[in-house]
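Chain by chain, the residues:
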Amino acid sequence: MLKFLLRRLHTRNYSTGTSDFKVFDRHVKWLQKERAANNPEFKHAQYLHDEINRRTIERLSYLKVDFTKVLDYGAHSGNFERLLCDDSRDDNTEWKTDRGLVKAKIGKILMVDSSESMLYSDMESKFNEDLVVERLVVDEESFDAPELLQKNQYDLIVSNLTLHWINDLPEVFKKLYNCLKPDGCFIGSMFGGDTLFELRTSLQLAEIERYGGLSPRISPFVESSDVGNLMQKAGFQMLTIDSEELIVDYPNTLALMHDLQLMGENNSVLMTPPPLTKDMLLAVEPIYREIHGDKITGHLPATYRFVYMIGWKPGKYMAKPAPRGSGNVSLKDILEGNAMDTTILEEDKSKDKD
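In this text, all values refer to a predicted model and were calculated from it rather than measured experimentally.

A. Geometry of the layout of surface pockets. The volume enclosed by the largest pocket comes to roughly 670 Å³. Broken down by secondary-structure element, the contributors of at least two residues to the lining of the largest pocket are α2 (26-37), α10 (197-211) and α12 (253-263). Among the residues making up the lining of the largest pocket, the classes are represented as 17 nonpolar, ten polar and four charged.

Here is the structure:
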């Protein structure tokens, strides 16, 4: 029963494709991001956002299309733009090539974020001169801006580590789809699954030990299967959904919690839990070390699980399946290795005529 309850406290169910209740306090999340961006140590805690944006750039390098108008939805401090123009890692030839390919494809970028302090925190970076960027301060969930309400205006939408703080994901996916051009691409990432399960279980066990109850101290995250369903219902096609995890070692639980605050990724659920008392913190540390700690190094591992998503808006250049019944090869022949003919797709036929 306890295992079932622990799981219920950190999952979000979108099986119906609707969200009739709010999970997060958007005002609290805005305050958290503002405080993080105004902290002198803010730039030292960008390692997760930088790494995920780096992997996004690698994925984009495989696309053979140009993106004249780009929306960076939930841009934070401009991690995506900064990495595009950062040549400090160019000793890695593969990364240098990927970065150059993507940078050359991109035209104008509109950076959107709810936190003005975070959005304008990196005005001295070289990307402000190397790229054509504009900034727009607006709540990512409300979409309350003319630049976001117009249909068919962006060739590419990038969204990294923002969607997991959205209450109404089905509606936001629809709005993103609406402002994407036909044949346009949406690529994003978000925390998912059992992210920070080590910290979650340690906090829960410590709270049971000290107070005999449970509080939602780690935000709930969606599963990759839910993300695919929501994107499909919003209209996206040719979906690619995958997930991976990244484990970061910390010296202690306070260091982990401090970095989460500096990232603006601390808990913002509406059902505010009781404050973390000194008594609770004293109980969390030994539990974390005993259950999850590395017995050799003494480090505390924290697992971040990411859901990556790519979806396309249908257009005239999107590949179409062959008409039903047009196949001229039997499955039996394919399995036996006797297949010689191939089915010609509709777009290939049109090219032949041209």
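B. Representation of the side chain of Ser61. Residue placement: Ser61 occurs in the loop between α3 (47-60) and β1 (67-73). Each residue touching Ser61, except ones within four places of it in the same chain, is listed here: Asp98, Leu101, Val102 and Lys105.

C. Representation of a nonpolar patch on the surface. On the surface, Tyr120, Met123 and Val137 cluster together into a nonpolar patch covering about 250 Å² of accessible area. Mapped onto the fold, Val137 is located in strand β3 (residues 132-137). The exposure class assigned to Val137 is partly exposed, which follows from its relative accessible area of 37%.

D. Representation of α12 in the model. When you tally the buried positions in α12, you get eight out of eleven residues, the bulk of the element. Restricting attention to buried positions, one finds in α12 the residues Thr253, Ala255, Leu256, Met257, Asp259, Leu260, Leu262 and Met263. At the N-terminal end of α12, a side-chain oxygen is found 3.2 Å from the backbone nitrogen of Leu254, two or three residues along, and the residue is Asn252. Note on α12: the residue one or two positions beyond its end, Gly264, has a positive phi of about 75°.

E. Local environment of unusual backbone geometry. A positive phi is found at His76, a non-glycine position, where the angle reads about 55°. Here His76 shows up in the loop between β1 and α4 (79-84). Taking the relative accessible area as the measure of exposure, His76 reaches 6% and is therefore buried. The residue Asp183 is not glycine, and still its phi comes out positive at about 70°. Within the element layout of this structure, Asp183 appears in strand β5 (residues 180-191).

F. Region of interest: the packing of helix α9 (residues 169-179) against helix α11 (residues 224-234). α11 packs onto α9 with a crossing angle of 50° between their chain directions and a minimal axis gap of 9 Å. Judged by the inter-axis angle, α9 sits oblique to α11. In the crossing of α9 with α11, the sense of the turn from one axis to the other is right-handed. Here Leu169, Pro170, Phe173, Lys174 and Tyr177 of α9 lie close against α11, whose contacting residues are Val227, Leu230, Met231 and Ala234. In terms of residue class, the contact of α9 with α11 is built from eight nonpolar, no polar and one charged.

G. Local environment of the sheet that holds β5. Pairing is mixed in the open sheet, where seven strands are placed in the order β3-β2-β1-β4-β5-β7-β6. Since the sheet does not close on itself, it has two edges, and those belong to β3 and β6 (237-250), each with one partner. Between one strand axis and the next, the sheet turns through 15° on average, direction left out of account. In this structure, β1 lies alongside strand β4 (residues 154-160), joined through three bridges in parallel fashion. Among the inter-strand pairings, Asp72 is bridged to a residue of β4, identified as Val158. Where helix α5 (residues 93-105) meets the sheet, its contacts fall on β1 and β2 (106-113), and the angle it forms with β2 comes to roughly 90°.

Cut-offs applied
- Residues numbered from 1 in each chain as written.
- Predicted model: local features only at pLDDT ≥ 70, side-chain atom pairs only at ≥ 80, totals over all residues.
- Heavy atoms only, no water.
- 1 Å grid on protein atoms, 1.4 Å probe; cavity = no way out; pocket = protein on both sides within 12 Å on 5 of 7 lines; lining within 4 Å.
- Points joined across faces, edges and corners; volume = space filled by probe spheres on them.
- Helix = DSSP H or I, 4+ residues; strand = E, 2+ residues; numbered from the N terminus.
- Nonpolar A, V, L, I, M, F, W, Y, C, P; charged D, E, K, R; others polar.
- Contact = heavy atoms within 4.5 Å.
- Patch = residues over 30% accessible without salt bridge, like charges linked within 9 Å, V, L, I, M, F, W, Y side chains within 5 Å.
- Areas by Shrake-Rupley, 256 points an atom, 1.4 Å probe, with all protein chains shown as cover.
- Salt bridge = Lys/Arg side-chain N within 4 Å of Asp/Glu carboxyl O.
- Buried < 20%, exposed > 50% of the residue type's maximum accessible area, 1.4 Å probe, protein only.
- Polar contact = N/O pair within 3.5 Å; in protein donor to acceptor, adjacent residues only side chain to side chain.
- Axes fitted to C-alpha atoms, helices over the stretch in contact; angles between N-to-C directions.
- Parallel < 35°, antiparallel > 145°, perpendicular 65-115°, else oblique.
- Left-handed = near helix turned anticlockwise from the far one by under 90°.
- Pairing = 2+ DSSP bridges.

Functional significance is not addressed by these values, which are geometric in nature.
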